[in-house]
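Structure assessment
The lines below spell out each chain.
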Amino acid sequence: MQVWLIELLKGFGKFFLNPLFYYSIILAVTAGVLRVKRERKDFHVRVYDIFLELRYVFPLSLLIGLIFSIISIGTGFSLPTAAIVVIGAMTFLMSLPMGFRLLSPAYTIGLSFFLLLAGSYFNWSIPFLDFSNMDGAYLTGIAILLGFLLIAEGLFVYRNGAHNTSPRLRKSPRGLTVGAHQARRLWVVPLFLLIPTGDITPPFSWWPVVHWGSESYSILLVPFMVGFQLRIQSTLPVIAIKQVGKNVLWLGILVLALAAGALWVPILAVIAAAAALLGREIISYRHRIHEQGHPFYFSPKSTGLTVLGVLPGSPAAKMALQIGETIQKVNGMEVSDERGFYQALQQNSAHCKLVVIDVNGQIRFTQCALYEGEHHELGVLFIEKNQRRGEEAI
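My aim in this report is to walk through the structure given alongside it, one point at a time. Small disclaimer: the values here were computed from a predicted structure and weren't measured.

Re the packing of aromatic side chains
Inspection of every chain in the model, using the stated rule, returns 15 aromatic pairs. Note on Phe12 and Phe16: the rings are 5.4 Å apart at their centroids and 75° apart in plane angle, and the pair reads as edge-to-face. When its relative accessible area of 43% is taken as the criterion, Phe12 is described as partly exposed. Note on Phe16: relative accessible area 37%, which makes it partly exposed. For the ring pair Phe15 and Phe16, a centre distance of 5.3 Å and an interplane angle of 85° mean the geometry is edge-to-face. The class for Phe15 is buried, based on a relative accessible area of 5%. Taken together through their ring pairs, the aromatic side chains of Phe12, Phe15, Phe16, Phe21, Tyr22 and Phe58 make up a single cluster. When the ring centre of Tyr158 is taken as reference, the NZ or CZ atom of Lys242 above it lies at 4.0 Å.

Dropping the structure here:
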């Protein structure tokens, strides 16, 4: 037990020596800076602060990492150092375009699987990397890890992928300014893994559940980055993102089932990795085709103003205005453009009453007291139909 405790503490400490941990923080903050720059360009105001992406990096992923770690240690699941190094290097390469789409485990671990498979088959000789012990058992282990992390991606996307999506402006094929939303998330899943070298010996006769080819182990806490990026313009962000999350979750379950089957039929590990790559690309492709084949959801309308975004902490947020709702009346006056909206707000500088059509087509009423000067900063972002660019928050 003492050996286990020492190895556990050592493995935990090495987590903070892994450059991917610090790189993920830099990547999240950089994404926040770029997002704020774009938001100011589109709307002349920052919608969310630069630390928005950073706040999503850990909370939910810590729970998922703990669950997977218990399964990993309990079954004796292990990966060689070469696999961890290659996955880390592939993660870094996939992040270079500064987009999070390629940081899906389907790409980072799926491509690493085939790179390790090639290294084992051709017996590559690379400094500090030993491909000679990369047998079928360890490749199966990588496929199982791929399935677990794809399931994690699906859960992450479904649970909080649609939170605080960033509004943006773009040009339609007809040259009109329309609105869209972009979801960009980065999660870091800390996962305890057994490394097939060290001082830990099997504590039970049945452990490990599946023999990975080693008799002694050490413990390492490894950060795995999981990224997600999606642009939505044909529907509400929450609808599209949750659908993608469900699709990724089912793909992860399929990949994990195939990888588990590889414990008895090794070729299934290759099929699982290929299914992950192909399936994740199909999910992205289907979303793009759907977006291209449907009209823009956030576009100027003949009556009312569609809410493209709401600034946190603003009067609009206090009135619970939601993305996709349509403001029909302000202080009893019908509005259809920015000028009318502003004039209606001026009718009562101390109070704001709105008639809103929600996303289900139902009429609701909301109101809020305004402090001095707040009628200029209600906190709503919308598309101005008579101009070619977005207006600032009003």
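Some thoughts on the pattern of salt bridges
Overall, the coordinates contain nine salt bridges when judged by the stated rule. Its salt-bridge partner being Arg35, residue Glu39 comes within 3.2 Å of it at the nearest N-O pair. Linking Glu39 with Arg35, this pair stays in helix H2 (residues 19-43), spanning four residues, or about one helical turn. Here Glu39 falls in the buried class, since its relative accessible area comes to 0%. Residue class for Arg35 comes out buried when judged on its relative accessible area of 6%. Its salt-bridge partner being Arg35, residue Glu53 comes within 2.7 Å of it at the nearest N-O pair. Of this pair, Glu53 sits in helix H3 (residues 52-55) while Arg35 sits in helix H2; the two residues are 18 residues apart in sequence, bridging distant segments of the chain. A single burial state applies to Glu53 and to Arg35, both of which are buried. Connected via shared salt-bridge partners are Arg35, Glu39 and Glu53.

Observations concerning the sheet that holds strand S5 (residues 217-232)
Read from one edge to the other, the open sheet built from three strands follows the order S3-S4-S5, with strand pairing classed as antiparallel. At either end of the open sheet lies a strand with only one pairing partner, and these are strand S3 (166-171) and S5. Adjacent strand axes in the sheet meet at a mean angle of 30°, parallel and antiparallel pairs treated alike. Across 16 bridges, strand S4 (residues 177-200) lies against S5 in antiparallel orientation. Along S5, the bridge assignment pairs Phe192 with Leu221. Strands in contact with helix H7 (residues 136-160) are S4 and S5; relative to S4, the strand with the most contacts, it is inclined by about 145°.

Digging into the pairing of strand S10 (residues 363-369)
Pairing of strand S9 (residues 351-357) with S10, which is carried by seven bridges, proceeds in the antiparallel orientation. Following the sheet pairing, Val356 is matched in S10 by Arg364. In sequence, S9 turns back onto S10 through a hairpin of five residues, with Gly361 there showing a positive phi of about 85°.

Some details on helix H5 (residues 81-95)
In this model H5 runs 21 Å from its N-terminal to its C-terminal C-alpha over 15 residues, within 8% of the 21 Å that 1.5 Å per residue would give. By the burial criterion, the buried members of H5 are Ala82, Ala83, Ile84, Val86, Ile87, Gly88, Met90, Thr91, Met94 and Ser95.

Observations concerning the pairing of strand S6 (residues 305-310)
A regular strand places its side chains on the two faces of the sheet in alternate fashion. Most of S6 sits inside the fold, with six of its six residues counted as buried. Pairing of S6 with strand S7 (residues 326-330) involves two bridges; the strand directions are antiparallel. Bridge pairing in S7 links Leu305 to Ile327. Of the pairings in the sheet, the one linking S6 to strand S11 (residues 380-382) comprises three bridges and is antiparallel in character. Bridging across to S11, Gly309 finds its partner in Leu381.

Reading guide: rules and limits
- Residues numbered from 1 in each chain as written.
- Predicted model: local features only at pLDDT ≥ 70, side-chain atom pairs only at ≥ 80, totals over all residues.
- Heavy atoms only, no water.
- Phe/Tyr/Trp six-rings, centres within 6.5 Å; stacked < 30°, edge-to-face > 60°.
- Buried < 20%, exposed > 50% of the residue type's maximum accessible area, 1.4 Å probe, protein only.
- Lys NZ or Arg CZ within 6 Å of the ring centre and 35° of its normal.
- Salt bridge = Lys/Arg side-chain N within 4 Å of Asp/Glu carboxyl O.
- Helix = DSSP H or I, 4+ residues; strand = E, 2+ residues; numbered from the N terminus.
- Pairing = 2+ DSSP bridges.
- Axes fitted to C-alpha atoms, helices over the stretch in contact; angles between N-to-C directions.
- Contact = heavy atoms within 4.5 Å.
- Expected span 1.5 Å × (residues − 1).

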